[in-house]
Amino acid sequence: MNVVIVGAQWGDEGKGKVVDLYSSKAEYIVRYQGGNNAGHTLVVNGKKTVLHLIPSGILHPGKICLIANGVVFDPTVFFQEVDSLVASDALHGPAHEAIRVSDRAHVILPYHRMLDKCREEKTSQTKIGTTVRGIGPAYEDKVTRRGIRVGDLLRPEILKLKLTQAVEEKNCLFEHHFGTPKVELAPIYEECLKLGERLKPFVADVSQILIQALKHKRPVLFEGAQGTLLDIDHGTYPFVTSSNTVAGGALTGSGVGLGAATQAIGITKAYTTRVGVGPFPTEIEVTEKETAEKIRKIGAEFGATTGRARRVGWLDLVALKYAVEVNGLTGLALTKADVLRGFDFVKVCTAYSLGGTTIYEMPSRSEDLARIEPFYEVLPGWHEYDTNSVQGVEDLPVELQTYMKFIENFVGIPIILLSTGPGREETLQLQDPFSL
Ligand code: IMP
């Protein structure tokens with residue numbers, strides 16, 4: 001009845017479109033981790049909207065979009081997004097009636113963005129290739145119990161006290177460790193007060209809203225951001241984001257109990273991409289440069305948040321099977337198979353070689369993953385077809401049907417949705433997770 005959507009790879013799998021589709025069946029749509037490092041691109045009636053923070057369900061009338069406690073919340077970005085939705089006439093009523101923000105969510109402040117930049121540019125430590133949105137430093141403050149929460153923005157006295165302590169500590173780092181200019185408390189405090197005032201009608205106890213919704217059996221969609229292999233615990237650490245991107249994160253990240261979600265749907269592309277630094281066993285940027293460039297061009301594989309070119313590789317079934325296991329996935333949504341139209345062949349990785357030994361599981365260490373040689377199965381490619389004329393699986397080229405079967409057999413769960421193009425209508429919904 002309730003569904004969690006997660007990325008089954010390194011993010012950018014096309015979650016925005018799938019969440020947008022499933023939102024029509026849900027009443028509540030919840031962002032539960034990450035922040036505006038995400039970029040969900042939606043194409044509705046040929047119009048493109050990119051959302052970084054507000055749940056993708058916002059484009060549907062009558063939905064409640066929740067930003068839950070597990071999110072790190074940049075209020076400036078939030079209002080930019082609200083204003084742009086209003087300006088493009090995309091909302092179906094007042095924004096504060098459709099969006100609620102948890103008072104427990106941690107706030108991203110200017111010094112978090114600066115710290116993210118310093119860590120990327122000025123340390124001798126490993127560069128992660130972050131989105132430089134301040135995500136990691138905001139989560140750091142949360143865990144070290146120095147964070148400012150959304151609820152604090154509404155309480156000037158407490159805010160001042162907490163900000164004073166935070167700024168003092170951050171300035172010590174900026175001045176003595178990174179050798180960069182310090183930040184000033186007063187303008188940050190003033191801005192926080194203004195943002196807090198504007199935020200008031202949006203702030204709520206999101207966990208309680210959800211608990212009531214679940215009690216009354218209202219359909220809820222939990223919208224994951226990033227992807228399984230970027231999970232802070234289960235991803236390719238340290239080349240990961242700072243939150244739990246796996247399905248389990250939906251529970252802690254929104255304050256609901258076990259059993260709140262019955263279906264976990266993983267989104268995977270028909271190939272793989274990754275942005276930022278870190279191991280990527282099936283990457284073909286060097287070995288099959290022309291193919292990588294072709295896929296990047298046809299698939300428009302450039303970051304929705306940072307514009308960075310995404311690294312491209314073949315589908316990694318070892319990694320996908322791992323995603324099925326760590327998320328407890330019950331179904332897959334396969335996206336961008338249309339990008340591979342007209343290819344003579346496609347490859348899928350079915351095992352790894354590590355130091356001469358064949359392995360079938362994801363190693364936990366990034367150093368090992370970086371040394372891996374993929375074993376590929378080569379499957380026949382599929383010819384051009386008109387994505388708009390596809391009404392059922394039987395209308396797909398037989399080679400694509402074979403590809404889908406191969407994936408299903410390998411990972412042991414069904415493909416319940418096939419996205420055949422970017423538009424809402426270019427989709428084959430094979431099973432409805434809300435009725436399972
Ligand atoms: P951060 O989340 O900005 O700290 O970045 C950490 C890592 O996660 C970097 O490799 C980013 O490129 C990656 N990342 C963060 N958000 C996304 C996303 O929405 N899609 C793909 N990669 C992401």
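Reading the values: rules and limits
- Residues numbered from 1 in each chain as written.
- Predicted model: local features only at pLDDT ≥ 70, side-chain atom pairs only at ≥ 80, totals over all residues.
- Heavy atoms only, no water.
- Helix = DSSP H or I, 4+ residues; strand = E, 2+ residues; numbered from the N terminus.
- Rg over C-alpha atoms; globule rule 2.2 N^0.38 Å.
- Contact = heavy atoms within 4.5 Å.
- Areas by Shrake-Rupley, 256 points an atom, 1.4 Å probe, with all protein chains shown as cover.
- Lys, Arg positive; Asp, Glu negative; His and termini not counted.
- Charge placed at Lys NZ, Arg CZ, Asp CG, Glu CD.
- Pairing = 2+ DSSP bridges.
- Near = heavy atom within 4 Å.
- Polar contact = N/O pair within 3.5 Å; in protein donor to acceptor, adjacent residues only side chain to side chain.
- Nonpolar A, V, L, I, M, F, W, Y, C, P; charged D, E, K, R; others polar.
- Expected span 1.5 Å × (residues − 1).
- Buried < 20%, exposed > 50% of the residue type's maximum accessible area, 1.4 Å probe, protein only.
- Core = buried A, V, L, I, M, F, W, Y, C linked by side-chain atoms within 4.5 Å.
- Domains from an automatic or database assignment.
- Disulfide = S-S within 2.5 Å.
- Salt bridge = Lys/Arg side-chain N within 4 Å of Asp/Glu carboxyl O.

A. Fine view of the overall build of the chain. Secondary structure assignment for the chain yields 13 helices and 20 strands. Relative to a compact globule of 436 residues, whose C-alpha radius of gyration would be 22 Å, the chain shows 22 Å and is just as compact. Of the contacts made within the chain by residues no fewer than 6 positions apart, 76% connect residues no fewer than 24 positions apart. Surface summary for the chain: the accessible area is close to 18100 Å², and the carbon and sulfur share equals 52%. Placing the 47 positive and 52 negative side-chain charges of the chain at their respective mean positions leaves the two points 4 Å apart.

B. Representation of the sheet that holds strand β20 (residues 427-429). The strand order β9-β7-β5-β2-β10-β1-β11-β15-β19-β20 describes an open sheet built from 10 strands, whose pairing is mixed. Every other strand in the sheet has two partners, leaving β9 (203-204) and β20 as the edge strands with one partner each. Pairing of strand β5 (residues 64-67) with strand β7 (residues 99-102), which is carried by three bridges, proceeds in the parallel orientation. From the neighbouring strand, Ile-67 faces β7, where its bridge partner is Val-101.

C. View of the site of the ligand. Contacts to the ligand come from 15 residues, most closely from Asp-12, Asn-37, Thr-131, Thr-241 and Arg-308. Contact between the ligand and Asp-12: a nitrogen atom at 3.0 Å from a side-chain N or O atom of the residue. Gln-226 places a polar side-chain atom, nitrogen or oxygen, 3.3 Å from a nitrogen atom of the ligand. A total of 470 Å² of accessible area belongs to the ligand in isolation, and the protein chains cover 96% of it. Across the shell around the ligand, the residue classes tally to six nonpolar, seven polar and two charged.

D. How the structure looks around helix α2 (residues 75-87). When the terminal C-alpha atoms of α2 are compared, their 18 Å separation across 13 residues agrees well with the 18 Å that a helix rising 1.5 Å per residue should span. Those residues of α2 that sit buried are Pro-75, Val-77, Phe-78, Phe-79, Glu-81, Val-82 and Leu-85. The N-cap of α2, judged by a side-chain oxygen 3.1 Å from the amide nitrogen of Thr-76 a few residues on, is Asp-74. Phi for Asp-89, located one or two positions after α2, is positive at around 60°.

E. Region of interest: the environment of Arg-198. By the element assignment, Arg-198 lies in helix α7 (residues 185-199). Under the relative-accessibility criterion, Arg-198 is labelled partly exposed at 39%. Considered as a pair, Arg-198 and Pro-75 are 123 residues apart in the sequence and their alpha carbons are 9.6 Å apart. Those residues in contact with Arg-198, other than ones at most four positions away along the chain, are Phe-79 and Asp-83. Within the local environment of Arg-198, its side chain forms a polar contact with the side chain of Asp-83, the two groups lying 2.8 Å apart.

F. Region of the structure containing the environment of Asp-89. Mapped onto the elements of the fold, Asp-89 is located in the loop between α2 and α3 (95-98). Residue classification places Asp-89 among the exposed positions, given a relative accessible area of 67%. Sequence separation of Asp-89 and Asp-205 is 116 residues, and the distance between their C-alpha atoms is 28 Å.

G. Geometry of unusual backbone geometry. Cis peptide bonds are those with omega within 30 degrees of zero, and the linkage from Tyr-237 to Pro-238 qualifies with 5°. Inspection of the secondary structure puts Pro-238 in the loop between β10 (220-223) and α9 (249-252). Phi angles above zero are rare outside glycine, and Gln-226 is one such case at about 55°. You can see Gln-226 is positioned in the loop between β10 and α9.

H. Region of the structure containing the nonpolar core. Formed by 53 residues in total, the largest nonpolar core has its most connected members in Phe-222, Tyr-403 and Ile-407. Counting contributing residues, this core receives three or more from each of domain 1 (3-102 + 203-263) and domain 3 (268-429). The residues touching Tyr-403, leaving out its near neighbours within four places in the chain, are Ala-270, Leu-315, Val-346, Lys-347, Val-348, Leu-379 and Trp-382. If you look at the next biggest cluster of nonpolar residues, it comprises 43 residues, including Leu-59, Ala-95, Ala-166 and Leu-199.

I. Representation of the state of the cysteines in the model. In this structure the tally under the stated criterion is zero disulfides. Not part of a disulfide, Cys-118 finds its nearest cysteine sulfur in Cys-172, a span of 13 Å. Residue Cys-172 is classed as partly exposed on the basis of its relative accessible area, which comes to 45%.

J. Up close: the domain arrangement of the chain. Taken domain by domain, the chain holds domain 1 (3-102 + 203-263), domain 2 (106-199) and domain 3 (268-429). Centre-to-centre separation of domain 1 and domain 3, based on C-alpha positions: 24 Å. Each partner contributes to the interface: domain 1 provides 37 residues, whereas domain 3 provides 40 residues. Joining domain 1 to domain 3, the criterion identifies two salt bridges. Put simply, domain 1 and domain 3 have 20 residue pairs in polar contact (both at pLDDT 80 or more) between them. Counting residues per element, the ones that place at least two in the side of domain 1 that touches domain 3 are α1 (15-23) and β3 (40-44). A per-element tally of the side of domain 1 that touches domain 3 places α1 first, with five residues. Along the lines of polarity and charge, the residues of the side of domain 1 that touches domain 3 split into 18 nonpolar, 14 polar and five charged.

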